[in-house]
Amino acid sequence: MQTTNLASDIPVVRTSEAGRSSKLTFKEKISYGLGDLGSNLMWGIVGSFLLYFYTDVALIPVAATGTLILVARILDSIIDPVIGGFVDRTNTRYGRARPYILFGIVPFAIMLILTFTSPDLSNTGKIIYASVTYIIAGLLYSIVNVPYGALMPMMTRSGEEKDQLSSYRMVGMAGGSIIVTALTTPMVKFFGGGNEQKGYLFTTIVFAVLSSIMFLIVFKNCKERYVEPVSAHKAKGSLIQTYKSAFKNAPWVSTIVFSLLLFIRTGATVSITIFFCLHVLHNPGMISILLPALYVSLLCSAAITPAFLKKFKQRKGNIIAQILFMIALSIMPFFEHNMAMFVGLWLVANIFGGISSGAVFSMIANSVDYNEWKFNNKSEGTLYAGYSFATKVGMALGSAVVGYTLAFTGYSAENVTAGASSAINVLFFAIPLVCTVLQIAAICFYKLDAIHPQVVRELDARRSAV
């Protein structure tokens with residue numbers, strides 16, 4: 001059945017009830033997971049290597065780098081709610097979320113390549129160039145990634161299928177991150193032949209092309225089943241009013257705070273690990289072990305997360321997982337001179353810590369259901385934008401804390417002091433532990449587990465009555 005966008009008269013396909021009730025195909029699940037694989041090929045190189053690229057390759061002052069990353073991500077994250085609002089008010093022949101993926105992915109790929117280009121400029125010129133390219137790349141990332149995340153509750157209302165899609169996302173996330181962290185350094189050497197500027201440029205081109213293909217597969221194969229035409233009221237509705245309702249959605253607020261802390265932890269861990277391997281372990285080869293191992297553990301997490309959450313549910317399951325993460329991480333400092341045990345504990349800690357990385361996708365999708373049930377307003381794009389905001393600001397804060405601390409201790413790539421090395425060692429363990437304690441406090445306010453099945457039943461009943 002075809003309907004019309006009241007605002008722009010663009011043809012829109014209204015999904016049939018039969019389409020809504022159909023289960024997700026294996027092809028759709030795989031395709032959806034490819035989105036996170038592609039996303040992490042491109043954004044993973046930013047999270048893992050951009051701080052190093054700016055300070056040690058482009059030779060931008062470290063304090064300026066920390067400020068740039070923080071300010072750019074905060075400015076960029078302000079755009080996320082706007083993009084989410086556009087998604088909620090979009091009606092096209094391609095659907096609501098999918099057109100943003102189709103038309104946004106190539107510009108994002110191009111801008112990412114420019115971000116890892118290092119022109120021969122003065123320090124001021126380098127800072128300006130880095131600021132412009134990084135901010136625009138982040139904006140284009142939002143244009144692709146916010147709709148991609150909002151696509152999940154449009155594909156299915158089943159809690160079990162959401163957990164499955166979350167698991168596929170985790171596999172994609174882990175796979176992309178493993179590829180980036182394990183292969184970036186060898187690829188930079190291969191393409192650069194000793195010239196890191198050239199090496200990073202061509203490595204980024206490879207990742208950008210592959211990622212673009214993967215997102216086009218998402219666009220082609222993933223269907224929007226649970227989408228209603230945009231009413232004139234919603235099309236003209238206030239974004240501020242939408243967020244006023246969102247902040248009354250306690251499960252959503254709990255999830256956003258939990259996610260923000262998760263990504264502060266992740267951003268700091270990924271950023272500090274390179275410096276930890278170089279200046280604490282004094283073993284550069286450990287970079288290509290610890291960072292990939294971080295994401296190998298996510299693959300293990302993806303395998304156990306659906307069953308783990310099915311048994312313990314979201315709130316209790318996350319609390320248990322994070323406590324186990326803290327225990328394993330707290331033991332690691334005693335084995336810094338035993339690399340086998342050190343890496344083994346690192347894997348165990350992050351297997352349990354990684355459960356939350358998959359859980360948040362389901363928690364956000366369930367919060368969308370709750371919002372529709374409680375306030376009669378689904379707002380997938382706007383609510384998912386909150387998660388995208390938490391991702392960017394969290395990663396930026398984590399990286400900025402590392403950058404500022406290194407600057408405070410007088411870190412210089414040419415002369416690393418004992419004080420800087422000591423600070424790196426403390427940061428590697430302290431930031432994840434503090435963030436995890438706060439995560440546990442945040443998840444205590446997520447109380448949707450008990451009523452979500454009832455929410456789904458009542459929403460289905462409402463639609464059947466229409």
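Scroll up a little and you will see the structure.
Residues numbered from 1 in each chain as written. Predicted model: local features only at pLDDT ≥ 70, side-chain atom pairs only at ≥ 80, totals over all residues. Heavy atoms only, no water.

Let us now look at the packing of helix α2 (residues 26–57) against helix α4 (residues 98–115). Between α2 and α4, the shortest axis-to-axis distance is 11 Å and the interhelical angle comes to 20 degrees. Classified by the interaxial angle, the pair formed by α2 and α4 is roughly parallel. The way α2 lies across α4 gives a crossing that is left-handed. Side by side, α2 and α4 meet where Met-42, Trp-43, Val-46, Leu-50, Phe-53 and Tyr-54 of the first sit next to Ile-105, Phe-108, Ala-109, Leu-112 and Thr-115 of the second. (Axes fitted to C-alpha atoms, helices over the stretch in contact; angles between N-to-C directions. Helix = DSSP H or I, 4+ residues; strand = E, 2+ residues; numbered from the N terminus. Parallel < 35°, antiparallel > 145°, perpendicular 65-115°, else oblique. Left-handed = near helix turned anticlockwise from the far one by under 90°. Contact = heavy atoms within 4.5 Å.)

So, about the nonpolar core. Membership of the largest hydrophobic core comes to 138 residues, with the highest contact counts inside it found for Tyr-134, Phe-276 and Leu-290. Every residue in contact with Leu-290, bar those within four places of it in the chain, is listed here: Thr-273, Phe-276, Cys-277, Leu-281, Phe-342, Val-343 and Trp-346. (Core = buried A, V, L, I, M, F, W, Y, C linked by side-chain atoms within 4.5 Å. Buried < 20%, exposed > 50% of the residue type's maximum accessible area, 1.4 Å probe, protein only.)

Tallied over the full model, the rule gives six salt bridges. Residue Asp-369 is joined to Arg-157 by a salt bridge in which the shortest nitrogen-to-oxygen separation is 3.6 Å. Of this pair, Asp-369 sits in helix α14 (residues 355–375) while Arg-157 is found in the loop between α5 (123–155) and α6 (159–192), placing the two residues 212 residues apart along the sequence. Of the two residues examined, Asp-369 and Arg-157, each falls in the buried class. Of the charged contacts in the structure, one is a salt bridge between Arg-157 and Asp-460, with a shortest N-O distance of 3.6 Å. Here Arg-157 is found in the loop between α5 and α6, whereas its partner Asp-460 is found in helix α17 (residues 452–465), with 303 residues between them in sequence. Members of the salt-bridge network, linked through shared partners, are Arg-157, Lys-162, Asp-369, Glu-372 and Asp-460. (Salt bridge = Lys/Arg side-chain N within 4 Å of Asp/Glu carboxyl O.)

Okay, the packing of aromatic side chains next. Given two aromatic rings, one states the distance between the centres and the angle between the planes to describe the pair. Summed over all chains, the structure comprises 27 aromatic pairs. Taking the centre distance of 5.6 Å and the plane angle of 55 degrees together, the rings of Phe-108 and Tyr-141 count as tilted. In this pair, Phe-108 sits in helix α4 while Tyr-141 sits in helix α5, placing the two residues 33 residues apart along the sequence. Here Phe-108 falls in the buried class, since its relative accessible area comes to 1%. (Phe/Tyr/Trp six-rings, centres within 6.5 Å; stacked < 30°, edge-to-face > 60°.)

On to the side chain of Ser-211. Inspection of the secondary structure assignment puts Ser-211 in helix α7 (residues 196–221). The exposure class assigned to Ser-211 is buried, which follows from its relative accessible area of 0%. Setting aside anything within four residues of it in sequence, one finds Ser-211 in contact with Gly-38, Leu-41, Met-42 and Ile-105.

The next point concerns helix α16 (residues 418–443). With 26 residues, α16 should reach 38 Å at 1.5 Å per residue; the first-to-last C-alpha distance of 38 Å fits that figure. If you look at α16, its biggest bend is around 30 degrees, right at Leu-427. (Expected span 1.5 Å × (residues − 1). Bend = angle between axes of the 7 residues up to and from the residue.)

In this section: the side chain of Thr-181. Along the chain, Thr-181 turns up in helix α6. Given a relative accessible area of 0%, Thr-181 falls into the buried group. Among the polar contacts made by the side chain of Thr-181, one reaches the main-chain carbonyl oxygen of Ser-177 at a distance of 2.7 Å. A polar side-chain atom of Thr-181 sits 3.4 Å from the main-chain carbonyl oxygen of Ile-178. If we ignore the near neighbours within four places in the chain, the residues touching Thr-181 are Ser-48, Phe-49, Ser-288, Leu-291, Pro-292 and Tyr-295. (Polar contact = N/O pair within 3.5 Å; in protein donor to acceptor, adjacent residues only side chain to side chain.)

In this section: helix α10 (residues 250–279). Because each turn of an α-helix spans 3.6 residues, side chains separated by three or four positions in sequence point in the same direction. For α10, which comprises 30 residues, the first-to-last C-alpha distance of 43 Å matches the rise-based estimate of 44 Å (1.5 Å per residue) to within 8%. In α10, a bend of some 35 degrees at Ile-272 exceeds every other bend along the element. Where burial is concerned, most of α10 is hidden: 24 out of the 30 residues are buried.

Interaxial distance between α6 and α14 falls to 8 Å at its minimum, and their mutual angle equals 140 degrees. Between α6 and α14, the crossing angle belongs to the class labelled oblique. Crossing of α6 over α14 shows right-handed handedness. Contacts from Lys-162, Asp-163, Ser-166, Arg-169, Met-170 and Met-173 of α6 reach α14 at Ser-357, Gly-358, Phe-361, Ser-362, Ala-365, Asn-366 and Asp-369. In the contact of α6 with α14, the residues fall into four nonpolar, five polar and four charged. (Nonpolar A, V, L, I, M, F, W, Y, C, P; charged D, E, K, R; others polar.)

In this section: the environment of Cys-300. Checked against the element boundaries, Cys-300 lands in helix α11 (residues 287–312). Using a relative accessible area of 35% as the deciding quantity, one classes Cys-300 as partly exposed. As a C-alpha pair, Cys-300 and Leu-210 span 90 residues in sequence and 24 Å in three-dimensional space.

For the rest of this paragraph, the subject is unusual backbone geometry. Here Lys-313, not a glycine, exhibits a phi torsion of approximately 70 degrees, which is positive. In this structure, Asn-376 is a non-glycine residue whose phi angle is positive, near 55 degrees. Its relative accessible area of 63% is what places Asn-376 among the exposed residues.

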